[in-house]
Amino acid sequence: MYPPQYESWFPAESQASTESQASDSQSSYTSPTFDYDQFEPYHTFSPSQWTHNPSLSPIDINSHSDTFNCDSPAPVDTPVLFSSINQTGTGTKAPEAAHSDDSHMLALDIDALLKSNTPGDLLQLFSANLIKRRAGASRWEIECPDCQDWIKTTLPTRILTDLDAPGYFNTLSDHRHGKKCSKCALQLKSSPSSTNSGRISSSSSPTEYSALMTLAENSDVISTACTGVPIDWPVRGPSFLETFPVGRASDGRGALPFDIDTRGAIPHAYSKNCDRNTTSGSPCTECADIVPFLEHLVSVAQDIKSRTHYRYRSHFDMVQAVRQYAEEANRLKLKGLNDARRVTHVLTRLDEYKSLIMALSENDVPHIQHILAVALKRGSSIRQIINTLEDAIAGTYHPRGYSGDDLDIALLAYRLGGRQLLYAFSRHLGLPSLRTLQTHRTFTSILPTIGSITAEQFDTNIKTLILTPLQSTLVPRRGHSIMMDEIALEERASHHRASNSVIGLCHSHSHLVDPTLHTYDSALRIAEKLAQGHIHLGKEMSVLAIGSFGDDEIFPILAAPTCKCENAENMISIFTLAIDRWRETGAEAHLGPIFSVVTDGDSTRRAAGHAMFLKTKLPTTSRLYGTLSHMLGLNLATGDYEITLDFDLKHILKRWCTLLRTRKGMKLGNGHSITSAVLARYLVWLPDMDESSVTKLLNPDDPQDVPRAVELMQAIIALSKFNVDTITGDVGMCADMASIKSLGAILESLLLPFIDVTLSLQQQVAHLSRYAHLTFTFFRLYRSAFMPHVLYYDSQTMVKNVCFCIAKQQKLNGGQLWIIQTGDDRLEKLFGITWMHGQHNSAMNYSQALDRIGAAKDIDVITRTEGYDHVRRDMWVGDVVTAHCDLPSSWKEGREQAVTLLGEARIPGDSFAFQVFFSHPGCDLMCPWGGNKYLGVSSTMDAQEVDLRVEEAIPTLPTLPTPDTPSSAEDVPLEDDVLTLEEALMHDLPSGNPTVNVSAHSVAPTLVSGPGINPDDFLLVHGKYVHKETICRRVLNKYFIPKSLNRQERVYSTGFTKANRRCDLVGRSITGGNSFIIGDVFLTIIRSNITLTIALIRCTLIERDSVTRHDILVPEVATSSVRLTGQILSLIPSRKPAGERSWLWTGDYIKTNSEIQGTDQHMEKIVEITVPGLLVELVNPDTTCIRFRDDVNSDDFIALNNIGNTWIIDESALALACDVLWAKACEHLIAIKSILHVPPPSDSSVFPYALPDGSTGITCAEASQQLAAAESGALMECPLHGLLEENLKEQVGVVQPCGSCGRSGLEGCKIQVKISTTGVISVATRCPYHTNFRYANADAGSKNRPCRNMPIKCELCHPTLAPVTGKKSRSGAPYVDAIWRYNMIDHLNETHPQYAHPMNTHGHPLPPDILNSFTLTSLEQREAGIPELLWLVPLFDGDKENNAGPSSRKRKSNNTTNGNAKKARPTL
């Protein structure tokens, strides 16, 4: 589009952008929109007025060519000269007058001006056009009149203005004074070729000079032929020169390729390459080529970009930019001033803040938070705040008002420390006073139970504690749980001022007396009822509370003292009343329904809960039926309003650990026993366990320690996941670890849902389902040998309640539900705070307990606890939204996991056929044998199962009444220094009480009055006014004995014993040395029908002197003080000849049929026996793998581990051991009848160990013959006299015959007894005819077994020493010689003849306890066949007639007959 010679004149766009960016980096100026209308008065011409040659190509101002880019630099060697510029700067007229009129030049003294050389004189010469100028590279240049050099001025070329100031000629003046100018001027003057045409001289006339200048101008600018290109410049502005980019006229980048002539009315452009030769009236070719450039220049001038470089801008644009720069500079200056002022203000405020910090750090300002909050709310300045703080420090300003934290701290101080602590905090720490606290907080006050429990008590507590505080709050409807438990009380009565009544009487019997204190006789009447045992003081306080699922707060609605004699009917009435009042008061409609009723392991509440909440099956019309009916095996029995029963998890965990810590243990796998000794053996394998820590877990000081119980369960879970080498490992160890793996899965399924906060509700239900199905399977297999009935019932009920609660919440609103809120953990926490409120002192009466539990309720709202005991809802991160939980699928998932685990444990498949089991009528997880027979609550199902362990009975010493112990409170004599109430009132009147005359004729004294004294709190007693609380303390609490502050002592004193018997874990390692440990095997001889055979036993318990041991040295096993308990292993022979035959363990144990109590079903039960160490032969069997043997059938070993390793013993070794053990029995005179006899096994082919042909494998021939002879008929020959007797019930010995065999004078018949400190009696004898018996049953006797002949200790020979107060002996009681009861009279005649007895009435009277120990009852003598004339007549009143005989199981006694009479000395 452009001629080639002009292409370099248009710079590239990128170079222009680079220059524009550089320009932008120097200034952020952006040209604003310019209003050109303001220049109309100064610019009146228009492009249409411009005249030009029509033959020339006109410039189209509307044409825009994209190829033009005027930002590209022009060649540096291209000169840019402005040929003619009007010095006036108007650009509206040609300067002809300046060249025609030279009169002003004639008036100038040129020589004088040049000689003076001042800037002003040079300006005059320049104004007369005597000094030339040009546009330089960056500045305007003027020619020196002397040396003709071009001198730069201080005016930039981008400024199009005249050199009209003397300052522009300072550089020229300085130059002419310099040596360089003088030297050059001298050279020019002396040069022959130089001319003076270009120099100013005084000899030149003005006319001549003017002609020369005119000629020069005409020759330089105006062409004689070319007319140039007329410039059509439509850019609006003051003038053409001001809107045209004249800055491009100078040399440099972007220089214009043409010259401009502005002398005419229309400016013309001439190419710098114009040859001045053209046709008349038209521009030359070179000039015509610049037309596109002019068009592009017009388009650029009309739309100036803000990024355009200043060289390409016009004078007018630059003026506007300068103005904007000036405005921006002024704005920045103003901003700088404002910023400086602001910085000064900020620095001042910083100083004030520093002053505030100094004031806060150096002074204790009261209510600082409140002062600052109020000041900020008012918008006070820092200075005002500082002044307020200074006034508060000085005491001239007293701030008022408290935050919620202040009120909470004040409430905590008041509830924990009382009024005095709150007063101290209020005075010195600025906390609210008690009056302020009462205004802003409501204290929890529970209505006391006076008399029987009534509906009004529930209504008042529900409205006061729950509905009233929440009536103005929008509370979402949630499910609720009723919790009930007891807390210990001191048996003390107190006075309740509001009702003028005595409180602290048990709610079960207090209706038998009027508790109101009208007069002193009212107190005496209550005391009489207490002494008679008709009413009782509360031993504990029963607390019934309600808590919601989704809120941690709990509300006690009943607190009643109890004497612990309630039955199931009483508890049912309490639960029914609580549920009905919750509905009647509107609490259910406002807050939500009752989901469950929770209790601990109390048997009375369990029976009541079973009767109430498992009485009807869930109807098909229920909204829950569609969900729960698809959960196979889930018990669907509920109570009214679909309420379910629940048990506390922590009590279940504690009872689980109690089971694990017992020496009997539990059976898992294929009947494998896991005892505490087995666990102790393997727990030391864990990295963080040693023998000391294992001992603490298995034998804790406090069995009720829940964190220790959880730690034990977690340790077992970790042990179950321990990798064991089953290939090279011991056979017994592999069997143990297989059972421990099953145990770990059960414990993990129970524990993990409540402690793993990452589990979702879906996963929690799956774990609980797995637990329910695993325990169901093992319980059906081993019943109480696996776990107690009650524990099974409670844990299955807990799992069932969780599923019901989730389903109910889904139907309620589908919201969240935390299963950790099931159980009564929140109530236990409330009890803990109650004990903490009393400095962990449980010695509180009923009145104090009400106050403390109300304080605990207030404290519980503002305190937080952590740890497993109280896992909070905010700690749970798993998804607990019930709408996201699919109960049937989670239940099925847990069942499938249980099936997998049972299959891995080699349990027979028919033992976990859940589909088959649950298809039977009435069979579910809570009724394992169907028929709706529940365990743990039914009397028939709870009957004691037959103990198949054959062991020596441990006799117990009966509790005998103390002769000098009074039978009732009236028989307690007062000591001399004990005063009655009347005497105490006479000698010990409270200070301030009025002194009155106590004479019979005195008038009634004046009522007590004074500050803070209420006359209604006093009663008139024998002429004196006594406070009612004093009467309660000295009349009703006369025989009060404080309870021990040690909880374990209180528990043991009420008849409970430790979970474990004494256990001795020796200091040495149980795996080292020559030791026999639990889990090892031994051989013994036992009787099976009329056969004496050998049996291989796996040891599960070691006892030495009735002390459980984990191990024992091998030489100590074969002693009379050692007893071993174990399970009989099932052995089968190999298919080899008799001399090479071996016997292998199948992995199973000998089982026998056992009847399921309460049903007509039978189940197999593992036989467990106990044998003395004398009949034990230790053995160390070899190990073999059945996979590599072809002499056995592998199908007989399905109960083994996956590897197939088992024990193997040669038949010759078994036969030799049988003969050796029989020889030991004969050596120690052990009668053959005393050798253990096992019941017939369920499979007669497995024991006695049989050969493939069915014959007995190993027997003792001699012993078997004696057994056959003994079983052939009754023994008719007297062993003592050798005579035939028809009736051997009469005495066969001469003097003091043996009670076991009837013989006398034999050393082997000597018998000894040992009475431990706990009353347990052990019997030791070597009589071969001695049989085991239970001492307590034999001592009590019965109608069927009236004989009470048993060994007793003679207190005359071996008196029992009274214990020393404060000391506790740890050494066991020794064995002492005993006397058979029927031989006691002969013993007295022989050893103690000075004492009288029924056969000898002369002598000193025997102590009553000794006399009662051997005197026979009438029933006993009658049933023994003694003629009535020979009966022994007792020497005391009353006969111990036991017509009916006691039952084998005694019920818990409430001791209500003696009331509150105490044996201790009464005190004031």
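Residues numbered from 1 in each chain as written. Predicted model: local features only at pLDDT ≥ 70, side-chain atom pairs only at ≥ 80, totals over all residues. Heavy atoms only, no water.

J.: What should I look at first to understand the nonpolar core in this one?
T.: Note that soluble globular proteins tend to have their nonpolar side chains buried in a common cluster. Of all hydrophobic cores here, the largest spans 217 residues; its most connected members are Trp656 and Ile1128. Looking at which element gives the most residues to this core, the answer is helix H27 (residues 731-755), with 13 residues. Setting aside residues no more than four positions away along its own chain, Ile1128 makes contact with Ile1086, Ala1095, Leu1096, Ile1097, Tyr1149, Ile1150, Val1167, Ile1169, Val1238, Phe1247 and Tyr1249. Counting 24 residues, the second largest nonpolar core, distinct from the first, contains Trp233, Leu241, Tyr270 and Cys284. (Core = buried A, V, L, I, M, F, W, Y, C linked by side-chain atoms within 4.5 Å. Buried < 20%, exposed > 50% of the residue type's maximum accessible area, 1.4 Å probe, protein only. Helix = DSSP H or I, 4+ residues; strand = E, 2+ residues; numbered from the N terminus. Contact = heavy atoms within 4.5 Å.)

J.: Is there a simple way to think about a nonpolar patch on the surface in this case?
T.: Residues Val343, Val346, Leu347, Leu350 and Tyr353 make up a contiguous nonpolar surface patch of roughly 420 Å² in combined accessible area. Among the secondary structure elements, Tyr353 is positioned in helix H12 (residues 315-362). (Patch = residues over 30% accessible without salt bridge, like charges linked within 9 Å, V, L, I, M, F, W, Y side chains within 5 Å. Areas by Shrake-Rupley, 256 points an atom, 1.4 Å probe, with all protein chains shown as cover. Salt bridge = Lys/Arg side-chain N within 4 Å of Asp/Glu carboxyl O.)

J.: Help me understand the state of the cysteines in this model?
T.: Here, disulfide denotes a covalent bond that connects the sulfur atoms of two cysteines. Within the structure shown, the criterion is met by zero disulfides. Cys506 carries a free sulfur, and the closest cysteine sulfur to it, the one in Cys563, is 3.7 Å from it. Exposure remark for Cys506: the relative accessible area of 0% places this residue in the buried category. Lacking any disulfide linkage, Cys927 is separated from the closest cysteine sulfur, that of Cys923, by 7.7 Å. Given the relative accessible area of 0%, Cys927 is considered buried. (Disulfide = S-S within 2.5 Å.)

J.: How do you make sense of the sheet that holds strand S35 (residues 1321-1325) when you look at a structure like this?
T.: Sheets are built from strands paired through backbone hydrogen bonds, the pairs being either parallel or antiparallel. Taken in spatial order, the three strands of this open sheet run S35-S34-S37, and their pairing is antiparallel. Each of the sheet's edge strands pairs with one partner strand only, and the pair in question is S35 and strand S37 (1376-1377). When strand S34 (residues 1311-1315) meets S35, the two strands line up antiparallel, connected through five bridges. In the strand pairing of S35, Val1313 is matched with Val1323. (Pairing = 2+ DSSP bridges.)

J.: Explanation requested: unusual backbone geometry in the structure shown.
T.: Residues other than glycine predominantly adopt negative phi, and peptide bonds predominantly adopt the trans conformation. For the peptide bond that leads from Phe1247 to Pro1248, omega is -5°, which places it in the cis range. Notably, Asn117 is not glycine yet its phi reads approximately 55°, a positive angle. Along the chain, Asn117 turns up in the loop between helix H4 (110-116) and helix H5 (119-127).

J.: What is the right way to read H27 from this model?
T.: Residues separated by three or four positions in an α-helix point in the same direction, a consequence of the helix having 3.6 residues per turn. When the terminal C-alpha atoms of H27 are compared, their 35 Å separation across 25 residues agrees well with the 36 Å that a helix rising 1.5 Å per residue should span. Where H27 bends most, at Ser749, the angle is about 30°, and the proline Pro753 comes one to four residues later. With 21 of 25 residues buried, H27 lies mostly within the body of the structure. (Expected span 1.5 Å × (residues − 1). Bend = angle between axes of the 7 residues up to and from the residue.)

Just distances and angles here, no functional claims.
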